[in-house]
Amino acid sequence: MKKIIAILTALALTLTLVSCGEPEIIDYKTELTDQSLTYSEEELESLSQQEFHIGDYGLPALYKYFEGLCSVGVAFTSNQMYDYDLALPYDKKAEGPKITVGDQVKAGILKHYNMYVLGNELKSDHCNPAEGVYNFDDADKFVEIGKAANAQLRGHTIVWHSQVPQWWFKADPNDQSTLADCRTNGTLASSDQLIERVTTYITELMTRYKDDIKIWDVCNEVLNGNGIRQYSDDGSLWSEIIGDLDGNGYADDYVEIAFNAAREAGGEDMVLMINDFNMEWQDSKTNAMYDMLERMMRKGVRIDGVGFQSHISVDNNVELYRRNIEKIASLSEVYDECFPEYKGNFRVEITELDMNMFVGAIADEGFYTWSMEDYERQADKYFELVDMFLDFADEGVIDAIVFWGTDDENSWLNTTPKLRRNAALLADRDMIVKPAFWAVARAALKHRG
Ligand code: GLA
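Calculation rules
Residues numbered from 1 in each chain as written. Predicted model: local features only at pLDDT ≥ 70, side-chain atom pairs only at ≥ 80, totals over all residues. Heavy atoms only, no water. Phe/Tyr/Trp six-rings, centres within 6.5 Å; stacked < 30°, edge-to-face > 60°. Helix = DSSP H or I, 4+ residues; strand = E, 2+ residues; numbered from the N terminus. Buried < 20%, exposed > 50% of the residue type's maximum accessible area, 1.4 Å probe, protein only. Pairing = 2+ DSSP bridges. Domains from an automatic or database assignment. 1 Å grid on protein atoms, 1.4 Å probe; cavity = no way out; pocket = protein on both sides within 12 Å on 5 of 7 lines; lining within 4 Å. Points joined across faces, edges and corners; volume = space filled by probe spheres on them. Nonpolar A, V, L, I, M, F, W, Y, C, P; charged D, E, K, R; others polar. pLDDT = per-residue confidence, 0-100. Axes fitted to C-alpha atoms, helices over the stretch in contact; angles between N-to-C directions. Left-handed = near helix turned anticlockwise from the far one by under 90°. Contact = heavy atoms within 4.5 Å. Near = heavy atom within 4 Å. Polar contact = N/O pair within 3.5 Å; in protein donor to acceptor, adjacent residues only side chain to side chain. Areas by Shrake-Rupley, 256 points an atom, 1.4 Å probe, with all protein chains shown as cover. Sits in = over half its atoms within 2 Å of the grid points.

Student: What should I look at first to understand the packing of aromatic side chains in this one?
Tutor: For any pair of aromatic rings, the description rests on two quantities: the centre-to-centre distance and the angle between the ring planes. This model, assessed by the stated rule, comprises 19 aromatic pairs. With a centroid separation of 5.7 Å and 85° between ring planes, the pair formed by F136 and Y209 is classed as edge-to-face. Residue F136 is found in the loop between α7 (124–127) and α8 (137–148), and its partner Y209 is found in helix α10 (residues 191–209); the two are separated by 73 residues along the sequence. Accessibility assignment for this pair places F136 and Y209 in one class, buried. Ring plane angle 55° and centroid distance 5.5 Å describe the contact between W168 and Y201, whose orientation is recorded as tilted. Of this pair, W168 sits in the loop between β3 (152–159) and α9 (179–185) while Y201 sits in helix α10, and the two are 33 residues apart along the sequence. Residue classification places Y201 among the buried positions, given a relative accessible area of 0%. Grouping aromatic residues by their ring pairs yields a cluster made of W168, F169, Y201, W238 and Y254.

Here it is in structure tokens:
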């Protein structure tokens, strides 16, 4: 009798599941791109003569050109990806823009990239707005999108002087005064308070996403051209509050504390990186990064790599940039010596690549109409750069190139340092792919041989 009841229960359960309908699992990487494309040079040359929107089915998927070389990533904000599944039922035959611009962006993100970064909503001010309050809804969505599109996720970023919760730095977390006033009034947080708050947050964050986000920019922009950032440079209070705990003459102990907390919560397999800008051309900053990391590694702090943000300009000096990557890449010798069990694990990643077009005679212009000639010049620079990055990928140094956005309309370079119409990325404002898209693909093909 018991057996019959068990069988009937199982049957009923199965029928319920079938009638409710299991959610359909969509393979976006396959569904959004024509699977008969060959990714050959001949095909690239002929397709690059045609006009494609970034999400078109007939447009090759950028990451496919990089297979076997490195990951290709993109940063987006969660509002660009709400209802990302809308991207699917569209324009399979690439007959034109049958989907909205927003859906082109979604489709473009899903089809071209195999590494994702959440542009703003994983930053600490967003996730930990008040003591004991965690806001992880957007980050959860990010994880869901990553799974749906079979993409690796980079966590960006935890310890920074910008987009960090102000309450972390105040003795009373509910104090409504500005940090400048707290500093004048002597009501800033103590070193112990700040350490406790950042450690608690890191533990909460890393524990929650341990299985889904395996690479983190633990620290962002801690250096300026001379060394560790100070309050006088840009209001960074980290160094001033936590200071030089080990008395070695360097007030950058907060960096070590953050990495140690992240390692503790994230585990040995987590890739923990430090990210910064201007190392692309500024030797003094590159040297400062090298010296700081060498010192920390020799103390036992395992830092698995350096992110070059790579907000560069169309007149970027690629050879200078190459030399600075070489310098940082040579830290792998120190890493291998200090952490022999993890030998070969040190890496460089290109984390926020985009290209400012306002240089030279037009540097101060605002609303400029870009010509095909400008786009070709940009494509040449993208080719040169990606070709250089891939020399390092060939040597196992660079394992990821991440673009800071999909298209010229959705780029921070339209508002920073002032309002203007920049043209920084691989698709234009109408989501039509630019010569730069094909140049990047061509550089990858060159390295695939
Ligand atoms: C820096 C940060 C990024 C982002 C960009 C501007 O490079 O690391 O998170 O804020 O600036 O969009």
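Student: Please clarify how the pairing of strand β8 (residues 347–356) should be interpreted in this entry.
Tutor: Regular strands place side chains that alternate from one sheet face to the opposite one. β8 sits mainly inside the fold: ten of its ten residues count as buried. Two strands pair when backbone bridges link them, and strand β6 (residues 305–308) and β8 are joined in this way by four bridges, in the parallel orientation. Along β8, the bridge assignment pairs V306 with V348. Across three bridges, strand β7 (residues 311–313) lies against β8 in parallel orientation.

Student: Mind showing me how you'd approach the domain arrangement of the protein here?
Tutor: One frequently used descriptor of interface size is the decrease in accessible area upon assembly of the parts. Considered domain by domain, the protein is made up of domain 1 (1–27) and domain 2 (28–448). For domain 1 versus domain 2, the distance between C-alpha centres works out to 45 Å.

Student: Help me out: how do you make sense of the layout of surface pockets in this one?
Tutor: Taking a probe equal in size to a water molecule and rolling it over the atoms shows the remaining empty space. Of the volumes computed, that of the largest pocket is approximately 500 Å³. Listing elements by their share of the lining of the largest pocket, those giving two or more residues are α17 (372–394) and α18 (435–448). Counted by class, the lining of the largest pocket contains twelve nonpolar, three polar and ten charged residues. Size it by volume and the second largest pocket reaches roughly 410 Å³. In this structure, the second largest pocket is lined by 21 residues; those nearest its centre are G119, N120, K123, W404 and W412. Tallied by class, residues from the lining of the second largest pocket come to five nonpolar, 13 polar and three charged.

Student: Is there a simple way to explain the confidence of the model for the protein in this structure?
Tutor: Detail in the predicted coordinates should be disregarded across regions flagged by low pLDDT. Considering every residue of the protein, the mean pLDDT works out to 93; 92% of them sit at 70 or more. Put simply, helix α1 (residues 2–20) is where the protein has its lowest mean pLDDT, 49, and strand β9 (residues 398–403) is where it has its highest, 99.

Student: What exactly am I supposed to notice about unusual backbone geometry here?
Tutor: Glycine aside, the phi torsion of most residues is negative, and most peptide linkages are trans. Residue H156 is joined to T157 through a cis peptide bond whose omega torsion reads -5°. Positionally, T157 belongs in strand β3. Of note, the amide linkage connecting T416 to P417 takes the cis form, showing an omega dihedral of 0°. Residue placement: P417 occurs in the loop between β9 and α18. For D83, which is not glycine, the phi dihedral falls at a positive 55°. Take D83: it is sitting in the loop between α5 (78–81) and α6 (101–112).

Student: Can you help me understand the packing of α10 against helix α13 (residues 253–266) in this one?
Tutor: Geometry of a packed helix pair, given as the angle between the helix axes and the separation of the axes. Remark: α10 packs on α13, axes separated minimally by 9 Å, with the N-to-C direction vectors making an angle of 35°. Like other packed secondary-structure pairs, α10 and α13 cross with a definite hand, here right-handed. Contacts from I195, T199, I202, T203, M206 and T207 of α10 reach α13 at I257, A258, A261, A262, A265 and G266. Broken down by class, the residue content of the contact of α10 with α13 amounts to eight nonpolar, four polar and no charged.

Student: Looking at this model, I keep getting lost on the site of the ligand. Mind explaining?
Tutor: In the vicinity of the ligand, the contacting residues are K123, H156, W160, Q163, N220, E221, Q309, H311, E352, W404 and W412. In this structure, K123 approaches the ligand through a side-chain N or O atom, which is 2.7 Å from an oxygen atom. In this structure, H156 approaches the ligand through a side-chain N or O atom, which is 2.5 Å from an oxygen atom. For the ligand, whose accessible area on its own is 300 Å², the fraction buried by protein is 86%. With respect to the pocket detection grid, the ligand is positioned in the second largest pocket. Residues belonging to the shell around the ligand are distributed by class as follows: three nonpolar, five polar and three charged.

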